[in-house]
Structures are given as structure tokens and as C-alpha cells.
Amino acid sequence: MSAGETALGVASAVRSGERSAVEVVEASLAAIDALDGQVHAFLEVTAEEALARAADIDETVAAGGDPGPLAGVPVALKDNMCTEGVPTTCSSKILEGWIPPYDATVVEKLRAAGAITVGKTNLDEFAMGSSTENSAFGATRNPHDTDRVPGGSSGGSAAAVAAGMTPLSIGSDTGGSIRQPASLCGVVGLKPTYGAVSRFGLIAFASSLDQIGPFTRTVADAAVAFEAIGGHDVRDSTSIPEPVPSCVEALGAGVDGLRVGIISELLEGELASGFEPEVLQRTRDAAAALEAAGATIVPVSVPSAIYGLSAYYLIAPAEASSNLSRYDGVRYGNRVVAGDSTADMMRATRTAGFGAEVKRRIMLGTYALSAGYYDAFYGKAQRVRTLILEDFARAYAQADVLLSPTSPCVAFGFGAKSDPLTMYLNDVATIPSNLAGHPAMSVPFGTGADDLPVGVQLLAPTLAEPVLFRVAAALEAAAPAAPLPAVAAPALTDPTIDDQGVPA
Amino acid sequence: MSTFLPDGWELVVGLEVHAELATESKLFSPAVNHFGGEPNTQVDPVCLGLPGTLPVISKEAVELSIRIGLALNCTIQRCVFARKNYFYPDMPKDYQISQYDQPLNIDGWLDLPTGTRVRIERAHMEEDTGKSTHLGGDGRITSATATLLDYNRAGVPLVEIVSHPDIRDPEDAKAYVAELQAILVTIGSSDGKFEEGSMRVDANVSVRPVGSDELRTRCEIKNVNSLRSLGRAIEYEARRHVDLYDSGNAPMQETRHWDEESGRTKSGRPKGDADDYRYFPDPDLVPVDPSREWIEEIRAALPPLPSARRAALLAQGADATGAAVIVERDLDTLALAAIDAGADPARVVTHAVQNLNVDGAAALDAGHFADLVKMEVGGDLSATQAKTVLAEMVETGNSPTEIASAHGFEAMDTSELESIIDGLIEASPDEWARFTGDDDKIRGKMQGFFTGQVMKATKGQADGKVVAQILNARRNG
């Protein structure tokens, strides 16, 4: 494990009274202050509120109470999660200035676990993108190379953790928006089972695919965070009415006897031909490492994965076209007055308020749902989902978890994928688990071109997060030394600071 | 069959009735569901469709909807909520959550009191929209200078009951809506108030040559706010169609608005190809699949429906109108209990129809009511006295014997009556001569005269039937 503060380390130090939460939050705020000019991970920093909460945590500890498993841990929230009294924009001009009157369930749960929200992070507008270049408020830069993108859409959250501004951040993943930026920024990113984390308060992109999950620098931190934010929520009808699976206790179980399936379509053949060779090699390396640790490696096939991308780019835009209808200038957010009718006002508001990528997807989705096209597009795409589920079911008859690359490439330069289709191809390995509703995770595993981080993806069946964490922990232990980000907080770069942030 | 159309033409009507459910909360959120209230006070983040909010189905709303399905003899099935997408400012999400190809209730029927059966295609659940008030222009959004929006109604649960085009007569259309309203109120699913908009009716109207089974182009008539305007609107619209066909034209499929003042329907927006609501299953909701046990539980708890309640009265000899009136006033339980306690059914029905059109009548003690009828039939009370006592029973809850004795209403001795009548005969020889003459008409008149005099002399305590018996006995004797 690399030096630097971890969520677990911080929480343990705060709970034992070794460090004050105020100190921790001050350090986090100082890192944001010092580094975010270069990274632009944050859209909003709620310093005052964070310090006040930290003082509350310290009081609880002083009074002999336990503030929870994430006591005093600074956390950054992707700005598509509602925070009462704090602007929530989705990085869109159309929501600029809107202040939610309520907190998302995930925010309530984080606070109940003792975590302290320090700010809201940048994203591709309405989570539509793979580079965070689609933000209406400027792109986020990759802390490993500020001339490159952090990935997306949760680029701000990934970058905040990668640069050590916070040990924990929260993102959302509709087609890879947690795992791909985690891979590009060299951090751990988990997309839980669909329904394992409440979506209440997550501003919808594509409701049947959206899922909230954590970014951390360690696998153990991701397990603690997932247990804190997961669980049934009566306010979300798609929330699974079961307790969140125990992952922390699975961490040390090892992989002896586990069967790890390598998804052949994502390692060789047509689909994999667009993947950078280093990325494919790291995936093979990861498989070898797991085998060395006692796992059995089996090749598996998910033949319908090839249709996943097409199905995704029908289903997600279709749902988005409906979800984003409400931004019409009537009730909240920006309004552009034009013409002399309500329809004119709505048109002008949406024309001015949405960026190009959002408009593109609204149009795609509107078309896909149109009378006469529904069966050919939306209906057929839903049938692909069923095929993918069947393929996965067959694969999981042979293997306990599956392994693949997360992203076809390491972090790329700004504007390098300006053609939308090229950009969409980034999601080819991550999309199938969204379509299936299965959990998946990206774990850093060495470097690729230009010594940039590479992540490998682990996939598991519904609610099988514990086995995902078992394998992820083994991978983490076997991973080559990770490169230090070019932009990094002292806690990451100073080898004399241990993982609780305490100077040795 | 009504004859308002020229010979050779037949009316074809299907009705879409929207009923607001009488739930505590809205369909998908905890906000209260009550009519009235200052604008935008009965709202919460979910029913306002604020970003990030999610709908959660109200179990109460599903139960009230299942009651409707059962009362309309529908099949209750696993159902899916769908989004109906269109932009309108009083719809917070710019889509309405409704049901599309998998509605909760399908394939039922409703029998009208006249015996006509109207098939029900579906009765599906959906959320209501908010309310727009357009200022300036002609009151529609297209010409308004400003629009006021009230979202109190947004998200209120609705059931839309869609009939097949089985109605051939405007009177049947009115009867269908009236019967539906009675059912909804009886089963507690809706308060069925036209005036508060908790019940709204759209009529799909077309005409065809008698004997044909084609379905011609229909127009959907909106803004029908009472049973009376429903009948008028259907008649107007059907005549308009016949006129168009007669002049070699044809109606266009469109939505039309009923204008009460001018008595006409006016063109709204054209319907058809232009509307593409891009329905798709709402991914924020899961299908509702009511278990057989739950459905049977709901069925078992359903109160008797108006048709069954009327039938019970008809079986006791009530006429159709009387039965309908009694059920409408919710007096059938009282009436049947009184009959059960031995009261004369005919008198019970007459009292219920004529003398119990007052608040609180349904709370009358059935035993007391039966006693009253027995006293009247037994001659202890005159009809007039019985009416007075009954009114007081409703007011005070006292027994008829108590009230009658407090008023000094006692059965008059027949001999006492005989002597009064004999005195009257002596005092009015001319009238008596006319009463005993051959002219039935005059005799009737004179019987009225003598009865009136007796009532006057006895301060209304005499029993009219006994008086008539004595008069006739004297005439024959």
C-alpha cells in the first residue's frame, strides 16, 4: 500500500482521538486550496459547513461516542447528487444556481457514518461523457498529467482522490463513469449492483443504468465506503430490499480456489483490437498474479458484449431524453425568455442551457422512442440486455468473478477523442455490467503508455460484491508500484507520512 | 332509443372517465391529497419532480384502483407504469406517469339500471397534472400573456376508466356516468365530485348509418362539467357529424371543447399522427403485481354495489325510481332493516322517498322506523301524523311512541269519529246529498270536503282511511 492517508486510517485515528476531525478537514481543504487550481476537480467547496461538522465529530469523540466507520473522513461528491442548501448543477448551465431543498440518501448515509462532505466535483454535463470535457464549467485535469483528461463522467471525483485532496469521493456510473476515470486516474472505483445503493437524490441520466459508488485509493476503503452507502431505501422503488453485503470481512479471504474468468472478447478479437497493447498486457499480468495467488483462470465468452455498446447508446439516451425533459425553465434553474409563448421560452431555455453532447443524446433518445421506431430501437436494445444477462449467467457457471481491462486506453489528451463515436468506444468494457445490473470494480494494476496508470476490471453477479472485494484485495497486494501523480497532496508524496496522515 | 338524430343515423359513444382517488397522499409521494388549499402548498420535492427525486407507488392508491376494477367486473393483472412524454408547464416532469400497454384493470363491464351493458376496455392508474390559469388572450396557453401554475393537484392519483364505444343514446351516457359515480362513492375509491374536478368525463362521439357496425371518425369532447352538459354535448356533436356527412363532408379526428354558454363544441387541437407521446416503461418504478390473496381480500371487503342494493329493494316491491332514490340517499340499509322488522314494505319505501330527504335520515333507528310504520298501518297514527312523528324522530332520535304521546296523537275511538261525522252530515245536507248522488266525480269532491271537515274538527288526529270507511258505510246504509 502506498503511503498517504486512507479513509480507514483517518477514521481510525479520529475515532481513537489520535487526530481531530477538524485537523483532517483542514488538511483536506488546504490540499484543495493548493492543488485544485491545477486540477479543477471541484465546482464548489463547502469549507465552513465541513469544519462545523468536523467540530461536531470531535465533540462526539470527546464525549466518548463513536461517530461511525468513516469518522472525520473528508468526502467529495459528484455534483449530480443533491445536497440541501448547496448548489447542485450536474455541470450544466441549465441548473446553474439551483439549490436543492433536500439531501440525497447517499449524502445522509455518508454523514450517518461520520464522513464529512467537503465539496461538489466536476463531471461531464449530466454525466454524459468519458472525459469530463463536457462540463459547462471547464474540464477537469488528470493529476498524473494535467494535459490529459481524468476520464469521465465522474472525472472530478476521481481526480480529487487521485491527487489526495480527499481519501474518498462518490461518483455515479451509468456506462463506466466510475470505473473508467478510476482506471485513468490510478484509483479504485466501484460500481455496485444496481439497486444496492439508493438513487434517491442522484439526478438521473439513465434511470435503469445509473448507480452510485465510491472512489478510494485502497480496496479496503472502497469496502468500508460501500457498506456505509449501501442498503435498502424506501424512497427508491428500484432499491434492493436486502441489507448491504458484508465486504470488509471478505477482504482478507484470499483467492485460493476461486475461479477467475477472463472475458475473451475483451482481450482478443475485433472488440479488443482497439485496446492499447499495454492495457491488454496488464490484464494478462493481473490474471497471472491471481493465478499465482491460488486462483484458477478460465477463459469465458460473453459474445453479446459486442452489442452492448449499441444497446447502451439507445437505452441510455432514450431514458435521458425523458429524464431531462423537466429542465424547461418553468420551475427552477435557468430561464431564457424568448418569443411570446411558453413553448418559445422552453425552447430557448433548453437551447441555451444544454451543451452539445446532452442535446445529441436527447435527440438520439427522442428518436429511439418515437412511434414506429420503438420496437426497432428501444425494444431491440432491451432484448440485447436479456442476451447479455444470459451470457453472463453462462459465464458465472464457469467462474466466480470475471476479469477484463477497464478502459481501452490510458488517459488521453484534451480534444483527442472529439469524434463522439470514438469517445463512446471508451465504454465498451464497462457497459455490459450496467446493462446487466451487476457489480464491477476497477483496480489499479501497473502502468501503460507514458507511465500512466492502468486499471483492470473485475465483474461479479448481482450482490456478489464480497467476492469482488476478495479478488480486488488480492490484485491490490500483487499490483506493481503505482506512479505518484504529478499533482499530489503532501500526504501522498511524503514517505514519512503514514496511511493515517501522521508523520512517522 | 333516442330520436334526436335524423332517420337512418345511429349514435356511437365511448366514454373516458377520470376519477381522482380518495387517498390520503399523492400517487407517488407523501404530499397530501386534499381538494382546495392555497396554491402550491400541497407539494413536496417528489410531486414537484425536483431533480433527483423518485416516485414510490402508494399502496392505498393501488387498493382503491383494484376496488374499481373489481366493481367493474375487470380482470386485475400485473401492471407496468409508463411515461407519457410531452411538454406542458403544469406537468412538473414534462412527462406523466400513466399506464400504457399493461394497465391494472382490463375487460370489464357496467350494467346500467336500464339493463344496457357497457363494456369497459380498461381502468388504468395515472398521476394528475397541476392546474394552469392562463391570463390574457382567449384563456388558452397559446394566446396567454402569462400563466399561473398551481401544483397542488400534480401527482394526485387518478384512475381513467375507458369504455368501449357501446353507448347509443345520450341518456345512456348520462346513466353510465351517474352509475359509475354511484359505484365510486359506494366503494370509497373517489368522492366523484364533478364540481371539484374529482370526476371528469371525455366523450368520444361518432355516428354511423343504422345497421352498420363500422366505427367512423370520432371526436373527443372535453370540458363537459355536468351530466346535463354531457347529454347536450353528445347531441350537438352527433348532429354536427350527421350534418357534415349529409353535406358530403366528413368530420376530422380532433379534440373539441364543449362551450356551455353557446351550446356548441369548438375545435381544439387536431389529434392523431401529430401526437407522439413516446411511451416507455418508467425505469424508476417496478411492475405492480397484486397477489390473488390481496385481490380476494379487497373483493371480500367491498360493500354491496348500487345495482345489488337496488335489486334488494326491488325484491321488496319497490319501484325502480323509488329504489334508485333510496340507494342514492343511502337509505336502503335502513329501509330493508325496517322491512325485516315487520314494517309494511310499501309504506317504508314511500316514507323513504317522500319524507326522508333530509340530513341524518340514514342514522334513523330501524326499529323505531318499523314501529312508526306499524303504528300507521295499524291505525294508531294518521298519515299526516306519521309524517310529523317521522320528521321529529330524525331530529331527536326519540321513539315514535314517545313523540306521538307528547303530541297527543292517539288513535281516535271509532264511535267518537262516527258521532262527529253524523253531526257534520246533519249540518251539511246539500253536500251530503251530492255525496250520495251518482256522479263519481262529485262524490270524490265531497268526500274530500267531509274528510277536511273531520280533520279540522279533530285537529288532524283522525285517520283518513277510517273516515272514508264511515262515510261510505253511512251512504250505503
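Calculation rules
- Residues numbered from 1 in each chain as written.
- Chains lettered and ligands numbered in written order.
- Predicted model: local features only at pLDDT ≥ 70, side-chain atom pairs only at ≥ 80, totals over all residues.
- Heavy atoms only, no water.
- Helix = DSSP H or I, 4+ residues; strand = E, 2+ residues; numbered from the N terminus.
- Rg over C-alpha atoms; globule rule 2.2 N^0.38 Å.
- Buried < 20%, exposed > 50% of the residue type's maximum accessible area, 1.4 Å probe, protein only.
- Contact = heavy atoms within 4.5 Å.
- Core = buried A, V, L, I, M, F, W, Y, C linked by side-chain atoms within 4.5 Å.
- Buried area = accessible area lost by both parts, 1.4 Å probe.
- Salt bridge = Lys/Arg side-chain N within 4 Å of Asp/Glu carboxyl O.
- Polar contact = N/O pair within 3.5 Å; in protein donor to acceptor, adjacent residues only side chain to side chain.
- Axes fitted to C-alpha atoms, helices over the stretch in contact; angles between N-to-C directions.
- Parallel < 35°, antiparallel > 145°, perpendicular 65-115°, else oblique.
- Nonpolar A, V, L, I, M, F, W, Y, C, P; charged D, E, K, R; others polar.
- Expected span 1.5 Å × (residues − 1).
- Arc of directions from axis to C-beta.
- Phe/Tyr/Trp six-rings, centres within 6.5 Å; stacked < 30°, edge-to-face > 60°.
- Lys NZ or Arg CZ within 6 Å of the ring centre and 35° of its normal.
- Pairing = 2+ DSSP bridges.
- pLDDT = per-residue confidence, 0-100.
- Domains from an automatic or database assignment.
- Left-handed = near helix turned anticlockwise from the far one by under 90°.

(A) Examining the overall build of chain B more closely. In terms of regular secondary structure, chain B is built from 15 helices and 14 strands. Relative to the 2.2 N^0.38 estimate, which gives 23 Å for 477 residues, the radius of gyration of chain B is 30 Å and therefore markedly larger than a compact globule would have. Each principal axis of the C-alpha atoms in chain B carries an extent, and together these give about 90 × 55 × 45 Å. The 477 residues of chain B split such that 48% are buried.

(B) Quick look at the overall build of chain A. Within chain A, the regular secondary structure consists of 16 helices and eleven strands. Its C-alpha atoms give chain A a radius of gyration of 21 Å, within 12% of the compact-globule value 23 Å for 504 residues. On the principal axes, the C-alpha backbone points of chain A span a range of 65 × 50 × 45 Å. Expressed as a percentage of its 504 residues, the buried residues of chain A come to 63%. For chain A, restricting intrachain contacts to residue pairs at least 6 apart in sequence, the fraction spanning at least 24 positions comes to 76%.

(C) Structural view of the nonpolar core. Ranked by size, the top nonpolar core spans 156 residues in total, and within it Leu70, Leu110, Phe126, Ile170, Met441 and Phe469 of chain A carry the most contacts. Setting aside chain neighbours within four positions, we find Met441 of chain A in contact with Arg179, Val188, Gly189, Leu190, Val219, Ala222, Val456, Gln457, Leu458, Leu468, Phe469 and Ala472 of chain A. Residues Phe4, Val17, Ala173 and Tyr176 of chain B belong to the second largest nonpolar core, which totals 65 residues.

(D) The interface of chain B and chain A, seen in detail. With 35 residues of chain B at the contact, the number on the chain A side is 40 residues. Interface of chain B and chain A: buried area, both sides summed, is about 2,700 Å²; carbon and sulfur atoms make up 58% of it. For chain B, the biggest contributors to the area lost against chain A are Pro51, Leu54 and Arg278 of chain B; these three give 22% of the whole. Here chain B is connected to chain A by two salt bridges. The salt bridge partner of Arg199 of chain A is Asp284 of chain B, with a shortest N-O separation of 3.2 Å. There are 16 residue pairs in polar contact (both at pLDDT 80 or more) connecting chain B and chain A. Of all the secondary structure elements, the ones that give two or more residues to the side of chain B that touches chain A are strand E3 (81-85), strand E8 (146-150) and strand E14 (280-281) of chain B.

(E) The arrangement of the packing of helix H9 (residues 305-323) of chain A against helix H11 (residues 356-369) of chain A in detail. Residues and elements named next belong to chain A. Two numbers describe how H9 lies on H11: the axes approach to 7 Å, and their chain directions differ by 100°. Overall, the two elements H9 and H11 adopt an arrangement that is roughly perpendicular. Residues Tyr313, Leu314, Pro317, Ala318 and Ser321 of H9 form the contact with H11, whose own contacting residues are Arg361, Ile362, Leu364, Gly365, Thr366, Ala368 and Leu369. Partitioned by chemical class, the residues of the contact of H9 with H11 number eight nonpolar, three polar and one charged.

(F) Fine view of the side chain of Arg310 of chain B. All names here are of chain B. Tracing the backbone through its elements, the reader meets Arg310 in helix H5 (residues 306-314). According to the relative accessible area criterion, Arg310 is buried, its value standing at 12%. Excluding residues within four positions of it along the chain, Arg310 makes contact with Pro113, Glu179, Ala323, Ala324 and Val327.

(G) Representation of H11 of chain A within the structure. Taking 1.5 Å of rise per residue, the 14 residues of H11 of chain A would be expected to cover 20 Å, and the 20 Å separating its terminal C-alpha atoms lies within 8% of that figure. Burial in H11 of chain A covers these residues: Glu357, Val358, Arg361, Ile362, Gly365, Ala368 and Leu369 of chain A. Buried residues in H11 of chain A, looked at end-on, bunch into an arc of 135°, giving them a common side. Of the residues in H11 of chain A, the exposed ones pointing more than 90 degrees away from the buried face are Ala356 and Met363 of chain A. Where H11 of chain A is buried, its residues contact H9, helix H10 (342-353), helix H12 (375-398) and helix H13 (420-424) of chain A together with E14 of chain B.

(H) View of the packing of aromatic side chains. In the structure shown here, the tally under the stated rule is 23 aromatic pairs over all chains. Ring geometry for Tyr327 of chain A versus Phe354 of chain A: centroids 6.4 Å apart, planes at 85°, classification edge-to-face. Separated by 27 residues along the polypeptide, Tyr327 of chain A in the loop between H9 and H10 and Phe354 of chain A in the loop between H10 and H11 bring together distant segments of the chain. The exposure class assigned to Tyr327 of chain A is buried, which follows from its relative accessible area of 3%. Judged by relative accessible area, which is 5%, Phe354 of chain A ranks as buried. A centroid spacing of 5.4 Å and a plane angle of 45° characterise the contact between Tyr374 of chain A and Tyr378 of chain A, whose relative ring orientation is tilted. Given the relative accessible area of 23%, Tyr374 of chain A is considered partly exposed. Three or more aromatic residues link up through ring pairs in this structure, and these residues are Trp98, Phe126, Tyr327, Tyr332 and Phe354 of chain A. The ring of Phe412 of chain A carries Lys417 of chain A above its face, with NZ or CZ at 4.7 Å from the centroid. Residue placement shows Arg216 of chain B over the ring face of Tyr245 of chain B; its charged tip is 4.5 Å from the ring centre.

(I) Inspection of the pairing of strand E6 (residues 211-216) of chain A at higher detail. All names here are of chain A. Across the six residues that make up E6, a large majority, six, are buried. Pairing of strand E4 (residues 168-173) with E6 involves six bridges; the strand directions are antiparallel. Along E6, the bridge assignment pairs Gly171 with Gly213. Relative to E6, strand E5 (residues 188-191) is paired through two bridges, and the arrangement is antiparallel. When the sheet's bridge partners are listed, Val188 is paired in E6 with Thr216.

(J) Summary view of the pattern of salt bridges. Enumeration according to the criterion identifies 52 salt bridges over all chains in this entry. Note that Arg282 of chain A and Asp285 of chain A form a salt bridge whose closest N and O atoms lie 2.9 Å from each other. With Arg282 of chain A and Asp285 of chain A both in helix H8 (residues 277-292) and three residues apart, the pair spans about one turn of that helix. Between Arg310 of chain B and Glu179 of chain B there is a salt bridge, with its nearest N and O atoms 3.0 Å apart.

(K) View of the confidence of the model for chain B. When pLDDT is averaged across chain B, the result is 92; 98% of the residues are at 70 or more. Predicted complex metrics record ipTM = 0.95 and pTM = 0.89.

(L) How the structure looks around the domain arrangement of chain B. Per the domain assignment, the segments of chain B are domain 1 (9-300), domain 2 (306-407) and domain 3 (414-476). Of note, the centres of domain 1 of chain B and domain 3 of chain B, computed from C-alpha atoms alone, are 63 Å apart.

(M) Local environment of the packing of helix H2 (residues 170-186) of chain B against helix H3 (residues 227-246) of chain B. All names here are of chain B. Put simply, H2 and H3 touch, their axes get as near as 9 Å, and they point 150° apart. As H2 packs across H3, the resulting crossing turns out to be right-handed. Here Pro170, Ala173, Lys174, Val177 and Ala178 of H2 lie close against H3, whose contacting residues are Leu227, Leu230, Gly231, Ile234 and Glu235. By residue class, the composition of the contact of H2 with H3 is seven nonpolar, one polar and two charged.

(N) Spatial organisation of the side chain of Thr129 of chain B. Residues and elements named next belong to chain B. With respect to the element layout, Thr129 can be found in the loop between strand E6 (117-127) and strand E7 (131-135). The exposure class of Thr129 is buried, given its relative accessible area of 12%. Those residues in contact with Thr129 that lie beyond four places of it in its chain are Tyr86, Asp90, Met91, Arg153 and Ala154.

(O) Representation of the pairing of strand E10 (residues 199-209) of chain B within the structure. Residue and element names in this part refer to chain B. Among the eleven residues that make up E10, nine are buried, leaving the element largely enclosed by the rest of the structure. Across eleven bridges, the pairing between strand E1 (residues 9-20) and E10 is antiparallel. Considered in E10, the bridge of Ala19 is made with Met199. Pairing analysis gives four bridges linking E10 to strand E11 (residues 219-224), with the strands arranged antiparallel. Residue pairing for E11: Asn204 is matched across the bridge by Glu220.

(P) Seen up close, the sheet that holds E14 of chain B. Residue and element names in this part refer to chain B. Reading across the sheet, the three strands line up as E4-E3-E14 and stay open at both edges, with antiparallel pairing between neighbours. Lying at the two open borders of the sheet, with one neighbouring strand each, are strand E4 (95-99) and E14. Judged from the five bridges that link them, E3 and E4 form a sheet pairing that is antiparallel. The residue bridging Arg83 from the neighbouring strand is Ile97, located in E4.

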